[in-house]
Amino acid sequence: MRSSKAICLFLISSFAFLSISAHPGVGIVMDSKGNVFYTDLVHVWKISAEGELSIAVKDVHTHQLHIDENDNLYGEHVWYEGEETDEWTYYVWCLDQEGELSQTIPPTRGFPVNNTLVRDSDGNSYFPVKSGDKEFLKIQSDQGDKLNYSDESFNDIRWVFWSKPHQEVLLIDHLTLKSVNSEGRVKIISDLLHDKAPNHGDVNDRHYLMGVWTDKSMNIYTAAYGARKVKRISPDGTLETVYKSHVGWSPCGGLIDDQGKMWVMEFSVFNKTRVRKIIPGGKDKIFKT
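The present account deals with the structure reproduced in this document.

Reading the values: the criteria
Residues numbered from 1 in each chain as written. Predicted model: local features only at pLDDT ≥ 70, side-chain atom pairs only at ≥ 80, totals over all residues. Heavy atoms only, no water. Helix = DSSP H or I, 4+ residues; strand = E, 2+ residues; numbered from the N terminus. Rg over C-alpha atoms; globule rule 2.2 N^0.38 Å. Buried < 20%, exposed > 50% of the residue type's maximum accessible area, 1.4 Å probe, protein only. Contact = heavy atoms within 4.5 Å. Areas by Shrake-Rupley, 256 points an atom, 1.4 Å probe, with all protein chains shown as cover. Lys, Arg positive; Asp, Glu negative; His and termini not counted. Charge placed at Lys NZ, Arg CZ, Asp CG, Glu CD. Core = buried A, V, L, I, M, F, W, Y, C linked by side-chain atoms within 4.5 Å. Polar contact = N/O pair within 3.5 Å; in protein donor to acceptor, adjacent residues only side chain to side chain. 1 Å grid on protein atoms, 1.4 Å probe; cavity = no way out; pocket = protein on both sides within 12 Å on 5 of 7 lines; lining within 4 Å. Points joined across faces, edges and corners; volume = space filled by probe spheres on them. Nonpolar A, V, L, I, M, F, W, Y, C, P; charged D, E, K, R; others polar. Salt bridge = Lys/Arg side-chain N within 4 Å of Asp/Glu carboxyl O.

For the chain, the count of helices and strands is one helix and 23 strands. Relative to the globule expectation of 19 Å for 289 residues, the C-alpha radius of gyration of the chain, 19 Å, shows essentially globular dimensions. Overall, the C-alpha framework of the chain stretches about 65 × 55 × 45 Å when taken along its three principal axes. Burial statistics for the chain: of 289 residues in total, 50% are counted as buried. Considering only contacts in the chain between residues 6 or more positions apart, those separated by 24 or more positions represent 36%. For the chain, the computed accessible surface area is about 14,900 Å², with 50% contributed by carbon and sulfur atoms. The chain carries 32 positive and 40 negative side-chain charges, and their two centres are separated by 9 Å.

Formed by 38 residues in total, the largest nonpolar core has its most connected members in Ile28, Met262, Trp263 and Val275. Those elements that provide at least two residues to this core are strand S2 (36-39), strand S3 (44-47), strand S13 (168-173), strand S16 (212-214), strand S17 (220-224), strand S18 (229-233), strand S20 (249-256) and strand S21 (262-268). With five residues, S21 is the single largest residue contributor to this core. Non-local contacts of Trp263, meaning those with residues more than four positions away in its chain, are made with Ile28, Met30, Val36, Ile47, Gly253, Gly254, Leu255, Asp257, Val275, Arg276, Lys277 and Phe287.

Our focus in this paragraph is the side chain of Ser150. Structurally, Ser150 is set in the loop between strand S11 (146-148) and strand S12 (157-163). Its relative accessible area of 2% is what places Ser150 among the buried residues. At 3.1 Å, the side chain of Ser150 and the backbone nitrogen of Glu152 are in polar contact. Side-chain polar atoms of Ser150 contact the backbone oxygen of Gly184, separated by 2.7 Å. When neighbours within four sequence positions are excluded, Ser150 is seen to be in contact with Phe136, Leu137, Val180, Gly184 and Val186.

Let us now look at the environment of Val60. Here Val60 shows up in the loop between strand S4 (53-57) and strand S5 (66-67). Taking the relative accessible area as the measure of exposure, Val60 reaches 3% and is therefore buried. When the C-alpha positions of Val60 and Asp40 are compared, they lie 9.2 Å apart, and in sequence the two are 20 residues distant. If we skip the residues at most four places from it in the chain, Val60 touches Leu41, Val42, His43, Val44, Glu76, His77, Tyr91 and Trp93.

Roughly 800 Å³ of volume is contained in the second largest pocket. Looking at the second largest pocket, it is lined by 28 residues, and the ones nearest its centre are Gln64, Glu76, Pro112, Arg158 and Trp159. Listing elements by their share of the lining of the second largest pocket, those giving two or more residues are strand S6 (73-80), strand S9 (125-131) and S12. In terms of residue count, the dominant contributor to the lining of the second largest pocket is S9 (five residues). For the lining of the second largest pocket, the per-class residue count stands at 14 nonpolar, eight polar and six charged.

All told, the structure shown has 14 salt bridges when counted by the stated rule. With a shortest N-O distance of 2.4 Å, Glu183 and Arg185 are connected by a salt bridge. Taking the relative accessible area as the measure of exposure, Glu183 reaches 57% and is therefore exposed. Via salt bridges that share partners, Glu266, Arg274, Arg276 and Asp284 belong to a single interconnected network.

Pasting the structure below:
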């Protein structure tokens, strides 16, 4: 009996370790036809407007996704080449609205600095660049010009999101949600997103907050992965929990569709990904890969 308990505890600890070492993606987007695309770090999946699940792009390790005004879907593929070279390589791909797959950035050594996956409606992209012990937010135009988007520095930019309703950049700076407007002014949206309760899977602070998204009413949502919660900040600053995952799962990304329904992407301690469509007053629909 004792040996069985020891094995059980070992397995639980092992799965907790896996969930820490392989942090989830945040990439979940919806096109103009109501199709949802999301990453499980192995493939990019498609949930059709009719609710059918299929693989959209096979064998790509991408944490983020971007969909443009013409329903072209972008992601990356990052891989380790092995101990012989000890190099990482990546490329950026595009699945166009006709279903044709191409590479927009060819295979390149190293990690991507600007992979073009955070873009505004004009095609400008946003990305952090480290300088010493600080980070700065850069903007790159579609002509390739790179500038500081803000002269203010950040501590540890984890995720960046362009909010169309706000016409601002939203970002996770360690454990704080901030906004940066077109004039480069930085504003703290909330620094109260870390709960005192035990973390999901004992996740560390760098991965405590994951995806950020917004709705047409100017509410801002963040996946508090470490707390197993989706938290919403209203325009007047009110902070509330609007969703909590079941034990073993935690939200890592999400979106609000045109009907106001929330789609939550969740990651488990077993390194599995699923998407839950929240149906108020009804039974939620879960899509598992």
